[in-house]
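Each chain, written out:
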Amino acid sequence: PPFNRVVVVVMENKARSEVLGNRAAPAFNAFARRGAVLSAYRGVTHPSLPNYLALVSGSPHGITSDCTTCTVAGLSLADTLEAKGLTWKTYAEGLPRPGWTGPYSGRYAKKHVPFLYFRRVLASPARLKRVVPLTQLARDREAGKLPTFSLVVPDLCHDMHDCSVATGDAWLKRFLPPLLQLPGTAVFVVFDESDSADPGIPALALGPVVRPGSRYSRAMSHYGLLRTIEDGLGLRRLGLSARAAPVTGIWRPGEPPPKEGSAHRP
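Please read all numbers here as calculations on a predicted model, not as lab measurements.

Cut-offs applied
- Residues numbered from 1 in each chain as written.
- Predicted model: local features only at pLDDT ≥ 70, side-chain atom pairs only at ≥ 80, totals over all residues.
- Heavy atoms only, no water.
- Phe/Tyr/Trp six-rings, centres within 6.5 Å; stacked < 30°, edge-to-face > 60°.
- Disulfide = S-S within 2.5 Å.
- Buried < 20%, exposed > 50% of the residue type's maximum accessible area, 1.4 Å probe, protein only.
- Salt bridge = Lys/Arg side-chain N within 4 Å of Asp/Glu carboxyl O.
- Helix = DSSP H or I, 4+ residues; strand = E, 2+ residues; numbered from the N terminus.
- Axes fitted to C-alpha atoms, helices over the stretch in contact; angles between N-to-C directions.
- Parallel < 35°, antiparallel > 145°, perpendicular 65-115°, else oblique.
- Contact = heavy atoms within 4.5 Å.
- Nonpolar A, V, L, I, M, F, W, Y, C, P; charged D, E, K, R; others polar.
- Pairing = 2+ DSSP bridges.

K.L.:
What is the right way to look at the packing of aromatic side chains in this model?
P.N.:
Two descriptors summarise a pair of aromatic rings, namely the distance from one centre to the other and the angle between the planes of the rings. As enumerated under the stated definition, the model contains six aromatic pairs in all. Ring pairing ties together the aromatic residues Phe3, Phe188 and Trp251, which thus form one cluster.

K.L.:
What should I look at first to understand the state of the cysteines in this one?
P.N.:
By definition, a disulfide links two cysteine residues through a covalent bond between their sulfur atoms. Under the definition given, this model contains two disulfides. Across the disulfide, Cys67 is cross-linked to Cys70 (sulfur-sulfur distance 1.8 Å). Linking Cys67 and Cys70, the disulfide has an S-S dihedral of approximately 75° and is accordingly described as right-handed. Grouping residues by exposure puts Cys67 and Cys70 together as buried. Disulfide partner of Cys157: Cys163, at an S-S distance of 2.1 Å. One quick way to see it: the torsion about the S-S bond of Cys157 and Cys163 is about -110°, and its sign makes the bridge left-handed. Residue Cys157 is classed as buried on the basis of its relative accessible area, which comes to 7%. For the protein chain, numbering the cysteines in disulfides from first to last along the sequence yields the connectivity 1-2, 3-4.

K.L.:
Whenever I open this one, the pattern of salt bridges confuses me. Can you help?
P.N.:
A pair can form between side chains of opposite charge whenever their charged atoms are brought close. Tallied over the full model, the rule gives eight salt bridges. Between Asp231 and Arg227 there is a salt bridge, with the nearest N and O atoms lying 3.1 Å from each other. Highlighted residues: Asp231 and Arg227, both in helix α8 (residues 222–233), separated by four residues, approximately one helical turn. By relative accessible area, Arg227 is classed as buried at 11%. Here the salt bridges share partners, and the residues they tie into one network are Asp79, Glu82 and Arg127.

K.L.:
Hey, could you run me through the packing of helix α1 (residues 26–34) against helix α7 (residues 165–175) in this one?
P.N.:
Two quantities define a packed helix pair, namely the angle between the axes and the distance from one axis to the other. As a packed pair, α1 and α7 sit with axes 7 Å apart at the nearest point and diverge in direction by 50°. Accordingly, the angle class assigned to the pair α1 and α7 is oblique. Of the residues in α7, those in contact with Pro26, Ala27, Phe28 and Phe31 of α1 are Asp169, Leu172 and Lys173. Here the residues of the contact of α1 with α7 sort into five nonpolar, no polar and two charged.

K.L.:
Looking at this structure, I do not really get the environment of Ala242. What am I missing?
P.N.:
Within the secondary structure, Ala242 is located in the loop between α8 and α9 (261–264). Residue classification places Ala242 among the partly exposed positions, given a relative accessible area of 45%. It is 26 Å that separates the C-alpha atoms of Ala242 and Arg16, two residues lying 226 residues apart in sequence. The contact partners of Ala242, leaving out residues within four places of it in the chain, are Arg227 and Arg237.

K.L.:
How do you make sense of the pairing of strand β8 (residues 185–191) when you look at a structure like this?
P.N.:
Along any regular strand, the residues point their side chains to alternate faces of the sheet. Burial analysis of β8 places seven of its seven residues in the buried class, the great majority of the element. The side-chain alternation of β8 yields two buried faces, one formed by Thr185, Val187, Val189 and Phe191 and the other by Ala186, Phe188 and Val190. Sheet topology places strand β1 (residues 5–11) next to β8; seven bridges connect them, and they run parallel. Each residue of the ladder has a partner; that of Val7, found in β8, is Val187. Across four bridges, β8 lies against strand β9 (residues 203–206) in antiparallel orientation. What sits directly across from Phe188, in β9, is Ala205.

K.L.:
Looking at this model, I keep getting lost on the sheet that holds strand β10 (residues 214–216). Mind explaining?
P.N.:
In a beta sheet, neighbouring strands pair by backbone hydrogen bonds and run either parallel or antiparallel. The strand order across the open sheet built from eight strands is β6-β3-β7-β1-β8-β9-β2-β10, with neighbouring strands paired in mixed fashion. Looking at the sheet topology across the chains shown, the edges are occupied by β6 (131–133) and β10. Put simply, the sheet's adjacent strands are angled 20° from each other on average, direction ignored. α1 rests against β2 (36–38), β8 and β9 of the sheet, and its axis sits at about 55° to β9. Sitting on the sheet, helix α6 (residues 135–142) is in contact with β3 (88–92), β6 and β7 (149–153), with an inclination near 135° to β3.

K.L.:
Can you help me understand unusual backbone geometry in this one?
P.N.:
Both trends apply: most residues other than glycine have a negative phi, and most peptide bonds are in trans. Cis peptide bonds are those with omega within 30 degrees of zero, and the linkage from His46 to Pro47 qualifies with -5°. Located in the positive-phi region is Met160, a residue other than glycine, with phi close to 75°. Within the secondary structure, Met160 is located in the loop between β7 and α7.

What follows is the structure in structure tokens.
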């Protein structure tokens, strides 16, 4: 269906079996029952950065490491959203200030913030200001000014990279509920890749547009998620998303959700 708004939360480095059905992740599994499980989801490569680039642009652009000074020349969701008059932001936990391009700060890591690698973003001060600390999200939500597309990047502890599944699960329990009440909003919680021999990673679709207890069992990756976002927002398809299938069969039936002007043009 058409989406008013999309929020993507990216967690880190867990196989599906390490989270789904794990007693250490009661909140994640409760969210799974309330929404839809994307049960055959997997990353596209290793390590982290190329997966994030693929998610927002349909390609890793030849990047094969977690480099912090490399840049890419291709298009991203920043370009296709703005071409339709729609808005975007990255909300990164621990980012020192909007548009900061340093590699690390405490538990913040640039390698998990893909828009900071695109030259078309780096060349524009206005675009750089759309990469903001996570603390800004609650203020934007309360003011009715969440953008059309939000990429949420928890820090290295809350994303389960450096801390336990239980720690990341407790963070999701606090963070997600206010977003799940927003009309016409699709919320996706995915992991970037798996560190184990099992390439499958946990992935959920949540929010008012999702049919509770549903499941999408077709094999998919970050390219399929990008295609779903593009189709839901009416965007041009980027890179390998054009060859991927969008997620189907999990959406609530009925009339398309009403368009909210504040969601697109805050």
